[in-house]
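An overview of the molecular structure
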Amino acid sequence: MTQTGAVNLAVKFFQQAARQGEADLFFVRESNGWAATSYSDAAQKIRNLAAGLIRLGLNKGDRVLLCAENSPWWGICDLAIMAAGGIVVPAYTTHTKSDQSFTLRHSGAVFIIAGSGICESHLREVAGTGKSLKAFLTIGAAEQTNRPLSVPRLSVQDLCAKETGMKALNTRLGQTGGDDLCCIIYTSGTGGRPKGVMLSHRSIQANIDAARDLLAEGGAEQNAVFLSLLPLSHAYEHTAGLHLPLQAGAQIYYCEGPDRVAANLAEVRPTLMTAVPRLYEVLHERIERGVRAKGGLSAFLFHAAVRLGRKRLSGGRLSGAEAVFDRLLDYLVRAKVRQRFGGRLRYFISGGAPLSSEVGTFFLALGINILQGYGQTEASPLISANRPHDIRITTVGPAVRGVEVRLAADGELLVRGACVMSGYWRNRAASAAALRGGWLHTGDLAAIDDDGFITVTGRKKDMIVTSGGDNVAPSRLEAMLVMCPEISQAMVFGDKRPFLSAILVPGEELISLNKEAQTHALKQSMAKINKQLASFEKIRKFIIADESFSIENQQMTPTLKVRRQVVLADYQARIEALYR
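Residues numbered from 1 in each chain as written. Predicted model: local features only at pLDDT ≥ 70, side-chain atom pairs only at ≥ 80, totals over all residues. Heavy atoms only, no water.

Turning next to the pairing of strand β16 (residues 403-407). The sheet contact formed by β16 and strand β17 (residues 412-417) spans five bridges and is antiparallel. Its bridge partner lying in β17, Arg406 is registered against Leu414. (Pairing = 2+ DSSP bridges. Helix = DSSP H or I, 4+ residues; strand = E, 2+ residues; numbered from the N terminus.)

Across the sheet, three strands lie side by side as β24-β25-β26; this open sheet has mixed pairing. If you trace the sheet from one side to the other, it starts and ends with β24 (487-493) and β26 (539-544), each paired once. For this sheet the average axis-to-axis angle between neighbouring strands, irrespective of direction, equals 30 degrees. Where strand β25 (residues 500-506) and β26 come together, five bridges link them in parallel fashion. When the bridges of β26 are listed, Ser501 appears paired with Lys541. (Axes fitted to C-alpha atoms, helices over the stretch in contact; angles between N-to-C directions.)

Before going further, it helps to examine the environment of Val337. Along the chain, Val337 turns up in helix α13 (residues 320-340). Given a relative accessible area of 9%, Val337 falls into the buried group. (Buried < 20%, exposed > 50% of the residue type's maximum accessible area, 1.4 Å probe, protein only.)

Time to look at the nonpolar core. Core analysis: the largest hydrophobic core is formed by 91 residues, its most contacted members being Phe13, Phe26, Leu49, Ile113 and Val156. Examining the composition of this core, we find that nine residues originate from one element, helix α3 (residues 72-83), more than from any other. By size, the runner-up hydrophobic cluster in this structure holds 62 residues, among which are Tyr253, Leu301, Leu364 and Ile539. (Core = buried A, V, L, I, M, F, W, Y, C linked by side-chain atoms within 4.5 Å.)

As a packed pair, helix α2 (residues 39-55) and α3 sit with axes 8 Å apart at the nearest point and diverge in direction by 50 degrees. Regarding the angle of α2 to α3, the classification is oblique. At the point where α2 passes α3, the crossing takes the right-handed sense. In this structure, α2 uses Lys45, Ile46, Leu49, Ala50 and Leu53 to contact α3, whose residues at the interface are Trp73, Ile76, Cys77, Leu79, Ala80, Ile81 and Ala83. Grouping the constituent residues of the contact of α2 with α3 by class yields eleven nonpolar, no polar and one charged. (Parallel < 35°, antiparallel > 145°, perpendicular 65-115°, else oblique. Left-handed = near helix turned anticlockwise from the far one by under 90°. Contact = heavy atoms within 4.5 Å. Nonpolar A, V, L, I, M, F, W, Y, C, P; charged D, E, K, R; others polar.)

Let us look at the packing of aromatic side chains. Counting across every chain of the model gives 16 aromatic pairs. On the numbers, 6.5 Å between centres and 25 degrees between planes, the contact of Phe300 with Phe325 is stacked. Of this pair, Phe300 sits in helix α12 (residues 296-313) while Phe325 sits in helix α13, and the two are 25 residues apart along the sequence. Arranged with centres 6.0 Å apart and planes meeting at 50 degrees, the rings of Phe302 and Phe362 form a pair that is tilted. On the criterion of sequence distance, the pair formed by Phe302 in helix α12 and Phe362 in helix α14 (residues 357-365) is long-range, its members being 60 residues apart. Residue Phe302 is classed as buried on the basis of its relative accessible area, which comes to 7%. We classify Phe362 as buried; its relative accessible area is 0%. Put simply, the rings of Tyr280, Phe302, Phe341, Phe348, Phe362 and Phe363 touch in pairs and so form one group of aromatic residues. A cation over an aromatic ring shows up here: Lys195 above the ring of Tyr424, its NZ or CZ 5.2 Å from the ring centre. (Phe/Tyr/Trp six-rings, centres within 6.5 Å; stacked < 30°, edge-to-face > 60°. Lys NZ or Arg CZ within 6 Å of the ring centre and 35° of its normal.)

On to the pairing of strand β10 (residues 225-228). In the case of a regular strand, side chains alternate between the two sheet surfaces. The alternating pattern of β10 places Val225 and Leu227 on one face and Phe226 and Ser228 on the opposite face, and all of these are buried. Alignment of β10 against strand β11 (residues 251-254), held across four bridges, turns out to be parallel. Within β11, the residue paired with Ser228 across the bridge is Tyr254. Regarding the hand of the β-α-β motif, the stretch spanning β10, helix α9 (residues 235-247) and β11 is right-handed. (Right-handed = clockwise from strand over helix to strand, strands pointing away.)

Listing the buried residues of helix α5 (residues 118-126) in full gives Cys119, Glu120, His122, Leu123, Arg124 and Val126. Tucked into the core, α5 has its buried residues touching β3 (63-67), α4 (97-107), β5 (111-114), β6 (135-138) and β7 (153-155).

Moving on: the environment of Ala220. Tracing the backbone through its elements, the reader meets Ala220 in the loop between α8 (201-217) and β10. Relative accessible area serves as the criterion here: at 2%, Ala220 is assigned to the buried category. Sequence spacing of Ala220 and Arg346 is 126 residues, and the spatial spacing of their C-alpha atoms is 6.5 Å. Residues within four places of Ala220 in sequence aside, it is in contact with Leu215, Leu272, Arg346 and Tyr347.

For the rest of this paragraph, the subject is unusual backbone geometry. Cis geometry is found at the peptide bond from Ser380 to Pro381, where omega equals 5 degrees. Examined against the element boundaries, Pro381 turns out to sit in the loop between β14 (370-375) and β15 (382-385). Of note, Asn223 is a non-glycine position whose phi angle comes to about 55 degrees, a positive value. Mapped onto the fold, Asn223 is located in the loop between α8 and β10. Even without being glycine, Lys496 reaches a positive phi, approximately 60 degrees. Tracing the backbone shows Lys496 in the loop between β24 and β25.

This brings us to the packing of helix α11 (residues 277-294) against α12. Packing of α11 against α12 leaves a shortest axis separation of 7 Å and a crossing angle of 140 degrees. On the basis of their axis angle, the class for α11 and α12 is oblique. Contact residues: Ile287, Glu288, Val291 and Lys294 in α11; Gly296, Ser298, Ala299, Phe302 and His303 in α12. Within the contact of α11 with α12, the residues separate by chemical class into four nonpolar, three polar and two charged.

A word on the side chain of Asn48. Its location among the elements puts Asn48 in helix α2. Polar side-chain contacts of Asn48 include one of 2.7 Å to the backbone oxygen of Cys160. (Polar contact = N/O pair within 3.5 Å; in protein donor to acceptor, adjacent residues only side chain to side chain.)

To continue, consider the sheet that holds β11. The mixed open sheet is built from eight strands, whose spatial order is β2-β1-β11-β10-β12-β13-β14-β15. Across the chains shown, the open sheet's two edge strands, defined by having one partner strand only, are β2 (33-38) and β15. Neighbour-to-neighbour, the strand axes of the sheet open up by a mean angle of 25 degrees, direction not taken into account. Contacting β12 (272-275), β13 (347-350) and β14, α11 runs over the sheet at an angle of about 110 degrees to β12.

Of all residues in the protein chain, 97% attain a pLDDT of 70 or more, and the chain-wide mean is 93. A low-confidence stretch, residues 1-5 stays under pLDDT 50, and its non-local contacts, those more than four residues away or across chains, total 13 contacts. (pLDDT = per-residue confidence, 0-100.)

Any two side chains of opposite charge can pair, so long as their charged atoms come close to each other. Taken as a whole, this structure holds 32 salt bridges when the rule is applied. As a salt-bridge pair, Glu256 and Arg260 come within 3.3 Å of each other at their nearest N and O atoms. You can call Glu256 partly exposed: its relative accessible area is 37%. Taking the relative accessible area as the measure of exposure, Arg260 reaches 31% and is therefore partly exposed. (Salt bridge = Lys/Arg side-chain N within 4 Å of Asp/Glu carboxyl O.)

The structure is reproduced here in structure tokens:
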């Protein structure tokens, strides 16, 4: 293999595969258990597929749209495209046909690699809008359909079966260096059309090096086992859930789905898992609900473990009796909780959105380490993270290795480092606005303490300014609301209005009740929250949502962020009625 010293993600993987040999890499659940793919088998498939793509006419710098469910084949395709000198354009399987068509046309992709089901169906329907398209590839057997394609249709597995063209592949590997683009990741877009973030081999490698530095500090890099849940089309999982474990020589298990997280944690027994705060909120809710249902001594001991754990975390000193009781609770409560998550979990890692301090301290108090980090797709994506030996869960930690941060005059967080994007694909105006004076303008407001720990206070564009001139960050209030068992999801609004209001999705305990009973319970929860808030932050009125915010109804992005403008539009008439 050529260019062994170059910054090239495919070369880095081949080097690791040579060291790992027949060691297991990818695991996917099948009917008779977990099926494994070894490092050497994955490497051979990647080489064969990369050579096949070159034979089909993939030139250096060509874009390939990759849209499939998480599986070993996603990673194999991703690395094969990079090895062939191409640029991966990941797309969410939950995207609409309109979204897929936009990504295909805007990126100028020459190939599509599609997974099965609705994903392949949508892409087949929009393939004609891709003017540069040369071929349509499927992962697995293509579905039979009467809808003809104007380009050849091939199977990824068929290409992987041929071991020819290695000389051309080695030449292409030698031509691809650190400054070449390896992927264009389209932001999921809480507002208008997504932008294509251009990331190079070097920018993602800078992130991997910084993340490995964190894992090494926590003693979590050796013999690591990852449980992968987030879509690999998201920058967070692409870097932290795929390329990081590949370079660490780890194992990757693909979670069967959000409803199987708890079962997979117990079965797979991972050492690391990356996820968005919503997952940890759901786990928190389930544990609390189970404790309430049990009641009695079990509930008393559990709540004592949380209470004393939180006291320690806040710097409070335990009395002699409390210290003895706390040690006893390690065996009676915390050990059982750790076992519920498999027994060898070193760290939960939270990113993609703000983590509620209530949820964070809940897990830490129970002996489950959780590291909150912060990033953006535009930074590959990792910018900062709590350090394993200095977890300050109300912050997103200090900048990781190789990253500089500072605040603009208005409090916006600015970032500089090798991890920062090259710009937005075919969007010079947006690139110039985001990259100014060598700094990435994140659009997030933040504070940085004397130790360099960053606290993100909200998005500039999401800040609510009431008609009285008060500035409110809705994310903090929403995090407080969803800690109430009666509230599953919340969105606070009130920009240019005389007071704040919210759209609330009732929790599971309220679903069976009628609207009058739901309203009464939610009013009681709201009153408790309002007691903790300043007068201008109090939420005066609320709307009970017709349904949960979800990807399916377009009210959430594929990474589970609320699309505020969509929700506001959907409830516009009821919102106007609140303020009459």
